[in-house]
Amino acid sequence: SCTTRESDEGTKKLLSDLTQNIEDKIKNLASLGSLKDFLENGDNSLEIYQWDFVNKVVERRQDFSLDDEMVSWIFNNRDIMEKIMTSGDVDFNLYNEAIAIIAEIMKQDSAAKSGLKLDLAVAIGLTFSSEVPSLAYKTAIDGIARYHNFSRWADEGLFMEPFYTLNTWLMRYVVGSWATDEEMVWARDIIKTEYPDYNNPDKIDSVTYKMVKYTSVNDEGVRISDKNFYHGLPVTLAVLHKYGAVCGGISKFGVAMGQSFGIPGLPVGQPGHCAFIWYRNGTYWKVGNDITGWSGSVTHLPVMYSWKRPASFFPIMHEAQQNPDAYRLSERMRILAKFVNLQLRYELLEDATTVCPQNYDLYSDLKEAMSQQEVSEDLIERQLIPYLEKYYEENFEVEKDVAFKKEVTASGYQERAQNINGGTGSEWWTNQTEAWIEINLGYPCTISSINIKWWGNSDSDDYDVLAEIDGSFVKVGSRSDEVRHGSFNAKGELPGW
């Protein structure tokens, strides 16, 4: 065995050798076209991924060794290295930990070298490179044991259909569940026996509103902030189902229920609130238990995220992953740009934004390249990010809270009217027998739904929803159209128009 210093020096030597090999191969390539041709070669692509892997390990002052035969085999397998390096970021760049976990899984199960089991193994390795905690027991979940359970459940067909089409990146937000494997078994059993109407990938999130009551005080009058609210029990899914919760418990329950059936999801923080996002029906990301929408949502730590913490980066990464060839080529172009002169670096990065406009890292690197050429404008904030947002909204279905922080006028208590759509979690009320509120959206909108948060036991016996259409106010909904979720702190939803 070698000392830490010897191992560290060996890792730096490996990085130096890879750097020299790439520099030797591209030293006579002086055009954008020739560099892209270089990247289309499989051996060259592998070397690019290997360099990126080792460089990240060295940056974190970690060590990496090829002494292990399985680790060496993975490191020299282009397809697997491509999955490892293009399936989302890893906290603290612990790629050495990730590849060690993947290698151990493959030693125990040769089926993990290809197909769905390979995606599962890589997702486990990347996600469990850092500790994944059990929400109920506050202990670390065993990633390798989770692989074997998920592998068996997949073989037995226990997951919903979308699971079997997930890429590695999406699968990370299934295997990273904070629920234990035993809790997942409980979740599937209770859905099939007591809530069969929700046993489909379009409704699994909604079952949380049926199964967990919103309450801040238990039957004995103990508040949820008191450790005795749950009578000292581990806060498992079954306990949440029995005793209820506030927004945090409800959202984490909703995420875990989906993950138990192979549906990606994660909790997200909103101002004064905890919501969640999930991969609805195997097609797009949606916010659940929502108040502020995407604009007010951030990833709930310690869930890993790519690029930046705002939850809106998830649907952008999703679109990048939908065209894997383009995304992976743009990543290789981004990495290769580190090896060329400033002019070629700019050309490579600029062209890569055309190959995959959703790859946020390109714009960060492009900003740095332009700053080195003494370009004073902040390209990221003033030009490219607005372009990305516009591109995404024009090309993909995006739901957002169009009423968020828009002008509100109320028939009474005007000083609290902005709480209606301000994302603060505070409330508006009135003591009038009849009252009204008006929200000025500012421009014509297509409304998919109206969501109302009824605080405590508050309610309205009757109400109408009017919308200005072609200069006249038209009735578009009423109390009878509302679908109510829960009773205390209920959520109401009306269809759009």
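Owing to the predicted nature of the structure, the values given are computational and were not obtained by experimental measurement.

The rules we used
Throughout, residues of each chain are indexed from 1 in the direction in which the sequence is written. Where totals are concerned, whole chains, interfaces and linings use all residues; where local detail is concerned, this predicted model gives features only for residues with pLDDT of at least 70, and gives and counts side-chain atom pairs only at 80 or more. Processing note: side-chain calculations cover all non-hydrogen atoms of the structure and skip hydrogens and water entirely. The criterion for strand pairing is that DSSP finds at least two bridges linking the strands in question. Runs of H or I in DSSP of at least four residues are treated as helices and runs of E of at least two as strands, each being numbered from the N terminus. Two residues form a contact once any of their heavy atoms are found within 4.5 Å. Between N-to-C directions, angles span 0 to 180 degrees; the directions come from axes that are lines fitted to C-alpha atoms, helices contributing only their stretch in contact. Put plainly, a pocket is an open set of points on a 1 Å grid over the protein atoms alone with protein on both sides within 12 Å along at least five of seven lines, a cavity is a set where a 1.4 Å probe fits but cannot get out, and a lining residue has an atom within 4 Å of a point. Grid points are joined across faces, edges and corners, and a volume is the space filled by probe spheres set on the points. Criterion for a salt bridge: a side-chain nitrogen of Lys or Arg within 4 Å of a carboxyl oxygen of Asp or Glu. Exposure classes here rest on a 1.4 Å probe applied to the protein chains alone. A residue is buried below 20% of its type maximum, exposed above 50%, and partly exposed in between. Charged residues are taken to be Asp, Glu, Lys and Arg, nonpolar residues to be Ala, Val, Leu, Ile, Met, Phe, Trp, Tyr, Cys and Pro, and polar residues to be all remaining types, Gly included. We call a set of buried Ala, Val, Leu, Ile, Met, Phe, Trp, Tyr and Cys residues a nonpolar core when their side-chain atoms join them within 4.5 Å. Centre distance within 6.5 Å is the pairing criterion for rings of Phe, Tyr and Trp, where only the six-membered ring of Trp is used; planes under 30 degrees apart are then read as stacked, over 60 as edge-to-face, and the remainder as tilted. Remark: a charge is flagged as sitting over a ring if the NZ atom of Lys or the CZ atom of Arg is within 6 Å of the ring centre and within 35 degrees of the ring normal.

**Observations concerning the sheet that holds strand 4 (residues 298-299)**
One key point about sheets: their strands pair by backbone hydrogen bonds, in either a parallel or an antiparallel sense.
Step number 1: With antiparallel pairing, 4 strands are arranged side by side in an open sheet as 3-2-1-4. Each edge of the sheet is formed by a strand with only one pairing partner; in this case those strands are strand 3 (284-288) and strand 4.
Step number 2: Sheet topology note: the strand 1 (residues 265-270)/strand 2 (residues 273-280) ladder contains 6 bridges and is antiparallel. Counterpart to Val268 in the pairing with strand 2 is Ala275.
Step number 3: Contacts from helix 9 (residues 168-175) reach strand 1, strand 2 and strand 3 within the one sheet, and its direction differs from that of strand 3 by about 30°.
Step number 4: Its contacts with the sheet place helix 13 (residues 247-260) against strand 1 and strand 2, and it is angled at close to 15° to strand 2.

**Quick look at the layout of surface pockets**
Step number 1: Its volume calculated, the second largest pocket comes out at about 330 Å³.
Step number 2: In this structure, the second largest pocket is lined by 27 residues; those nearest its centre are Val132, Gly176, Ser177, Trp178 and Val303.
Step number 3: Sorting the residues of the lining of the second largest pocket by element identifies helix 9, helix 13 and strand 1 as the ones contributing at least two each.
Step number 4: Sort the elements by how many residues they give to the lining of the second largest pocket and helix 13 lands first, with 4 residues.

**Considerations on the pattern of salt bridges**
Step number 1: For the structure on display, the rule yields 23 salt bridges.
Step number 2: Residue Arg334 is joined to Asp365 by a salt bridge in which the shortest nitrogen-to-oxygen separation is 3.1 Å. Within this pair, whereas Arg334 is found in helix 15 (residues 324-336), its partner Asp365 is found in helix 17 (residues 360-372), the two being separated by 31 residues in sequence.
Step number 3: Taking the relative accessible area as the measure of exposure, Arg334 reaches 7% and is therefore buried.
Step number 4: One connected set of salt bridges, linked through shared partners, spans Arg78, Asp79, Glu82, Arg328 and Arg332.

**Here we look at empty space enclosed by the protein**
Step number 1: A complete count under the given rule lists 2 cavities of 30 Å³ or more for this structure.
Step number 2: Roughly 70 Å³ of internal volume is contained in the largest cavity.
Step number 3: Around the largest cavity sit Lys56, Met85, Thr86, Gly88, Asp89, Tyr95, Trp307, Tyr327, Glu331, Arg334 and Asp361, which together line it.
Step number 4: For the lining of the largest cavity, the element with the highest residue contribution is helix 15, accounting for 3 residues.
Step number 5: Ranked by residue count, the leading element in the lining of the second largest cavity is helix 13, at 4 residues.
Step number 6: Split by residue class, the lining of the second largest cavity holds 6 nonpolar, 4 polar and 1 charged.

**Let's talk about the pairing of strand 3**
Step number 1: A large share of strand 3 lies buried, amounting to 4 of its 5 residues.
Step number 2: Of the strand pairs in this sheet, strand 2 and strand 3 are connected by 5 bridges, and their pairing is antiparallel. Residue Tyr279 lies in a different strand from strand 3, and its bridge partner there is Trp285.
Step number 3: A loop of 3 residues connects strand 2 with strand 3, the two strands running antiparallel in sequence, and Asn281 in this loop sits at a positive phi of about 55°.

**Notes on the side chain of Ser177**
Step number 1: Within the element layout of this structure, Ser177 appears in the loop between helix 9 and helix 10 (181-194).
Step number 2: Judged by its relative accessible area of 0%, Ser177 is buried.
Step number 3: With sequence-adjacent residues up to four places away left out, Ser177 is seen in contact with Val132, Ile141, Arg146, Met184, Ala256 and Gln259.

**Things to note about the nonpolar core**
Step number 1: Among the nonpolar cores identified, the biggest contains 126 residues, and Phe53, Ile84, Trp285 and Leu336 are the most heavily contacted of them.
Step number 2: Once you skip the residues sitting within four places of it in the chain, Leu336 turns out to touch Ile22, Ile26, Leu35, Phe38, Leu39, Ile48 and Leu348.

**Let's talk about the packing of aromatic side chains**
Each aromatic ring pair is specified by the distance between its two centres and by the angle formed by the two planes.
Step number 1: Applying the stated criterion across every chain yields a total of 23 aromatic pairs.
Step number 2: Aromatic pair Trp51 and Phe339: ring centres 4.9 Å apart, planes at 65°, arrangement edge-to-face. Taken as a pair, Trp51 in helix 3 (residues 42-59) and Phe339 in the loop between helix 15 and helix 16 (342-355) lie far apart in primary sequence, 288 residues in all.
Step number 3: Aromatic side chains Phe64 and Phe75 sit 5.3 Å apart centroid to centroid with 50° between the ring planes, which places their arrangement in the tilted category. Of this pair, Phe64 sits in the loop between helix 3 and helix 4 (69-75) while Phe75 sits in helix 4, and the two are 11 residues apart along the sequence. Comparing Phe64 with Phe75, the two get one shared label, buried.
Step number 4: Joined through ring pairs, the aromatic side chains of Phe150, Trp153, Phe159, Phe163 and Tyr164 make up one cluster.
Step number 5: Positioned over the ring face of Trp73 is Lys113, at 4.8 Å from the centre of the ring.
Step number 6: Above the ring of Trp153, the side-chain terminus of Arg188 is found at 4.1 Å from the ring centroid.

Functional significance is not addressed by these values, which are geometric in nature.
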